Amino acid sequence: MKKIILSIAMIASLGLIADDHLPENFSKYQSNFLFSCPMPNACLAAFDEYMNSPEVKSQNYEVDVYAVLHNGWDDATHGVSWYYKNADEYAKSNLIFATSDAGKKFRAKLNEIGVEQVQENLSVHTIGVSSGGPTTDNAVSLRWSMNVTNPSEFLPLWTSFSKSLEKYDWSANAYGLQSHYLGNNGTGITHEIWAAFSSPQAALAFLDGMLGSKEFAEYSPKQAEYSQFIRSYMEVSLNMYNPD
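A short tour of the structure in this document, coming up. (Residues numbered from 1 in each chain as written. Predicted model: local features only at pLDDT ≥ 70, side-chain atom pairs only at ≥ 80, totals over all residues. Heavy atoms only, no water.)

## Comments concerning the state of the cysteines
Next, step 1: This structure, assessed with the given rule, holds 1 disulfide.
Next, step 2: In this model cysteine 37 forms its disulfide with cysteine 43; the gap between the sulfur atoms is 1.9 Å. Classification of the bridge connecting cysteine 37 and cysteine 43 rests on its S-S torsion, roughly 105°, and on that basis the disulfide is right-handed. Cysteine 43 shares its class with cysteine 37; the two are buried. (Disulfide = S-S within 2.5 Å. Buried < 20%, exposed > 50% of the residue type's maximum accessible area, 1.4 Å probe, protein only.)

Below you can see the structure in the form of structure tokens.
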């Protein structure tokens, strides 16, 4: 599966690498929420009601609601990610949530269900690569949470490793790296690596291939010099709103 690796530019003041040429269907900012829901169907219904309220639906926000699998790190069972192309979308969405009747009703419903928020963070897409397919083809993703101690060394190393896997038929449909800006993110998470697939089967084929590859054997000890692994898990989309 042929993909095009994207060029990356350094932002020295933040110690991050940022990409000014993300694919058109990639957002810049993401608000990510992981939570524990004791009544999944009720949670999905409450969120769907909020997304279809006039205040929110008129904005056509891109949002993904997903199940969190193989977490084993905290009590999160589900997650929601809001994707924003720019800061204006981000600001308006938060204003609607905080001040609208729909937001007030939604928060009350989650309290009634017994939802407990586990993690919340604001991240940015630092690197993104896509094979060009629609977002709906990427309903499953694998994620690795990392504490990167030396971004200037780690990110080029990771980019080179990711590109080296593109030649395999088990390669991901899309992949990237997000940098954490704000929020409670556990024990020192600074970056999130992700890879997206059309199905859980494709995700498992990727894991089989990657972990057994000579590329991973060479990459793993090198990246350990600049980063610390914190956790990994799988996300399976339950509902996509306005995917592009």
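Moving on from the coordinates now.
## Regarding the packing of aromatic side chains
Next, step 1: Using the criterion set out here, one finds 18 aromatic pairs in the structure.
Next, step 2: Considering the side-chain rings of tyrosine 50 and phenylalanine 97, the 6.0 Å spacing of their centres and the 90° angle between planes classify their relative orientation as edge-to-face. Of this pair, tyrosine 50 sits in helix 1 (residues 40-51) while phenylalanine 97 sits in helix 3 (residues 87-99); the two residues are 47 residues apart in sequence, bridging distant segments of the chain.
Next, step 3: Owing to a relative accessible area of 31%, phenylalanine 97 belongs among the partly exposed residues under this scheme.
Next, step 4: Ring centres of tyrosine 168 and tryptophan 170 lie 4.6 Å apart, and the angle between their planes is 10°; this geometry places the pair in the stacked category.
Next, step 5: Looking at tryptophan 170, the relative accessible area reads 16%, which means it is buried.
Next, step 6: An aromatic cluster of three or more residues is present, and its members are Phe47, Tyr50, Tyr61, Trp82, Tyr84, Tyr90, Phe97, Phe106 and Tyr241.
Next, step 7: Across from the ring centre of phenylalanine 97, 5.0 Å away, lies the NZ or CZ of arginine 107, which sits over that ring. (Phe/Tyr/Trp six-rings, centres within 6.5 Å; stacked < 30°, edge-to-face > 60°. Helix = DSSP H or I, 4+ residues; strand = E, 2+ residues; numbered from the N terminus. Lys NZ or Arg CZ within 6 Å of the ring centre and 35° of its normal.)

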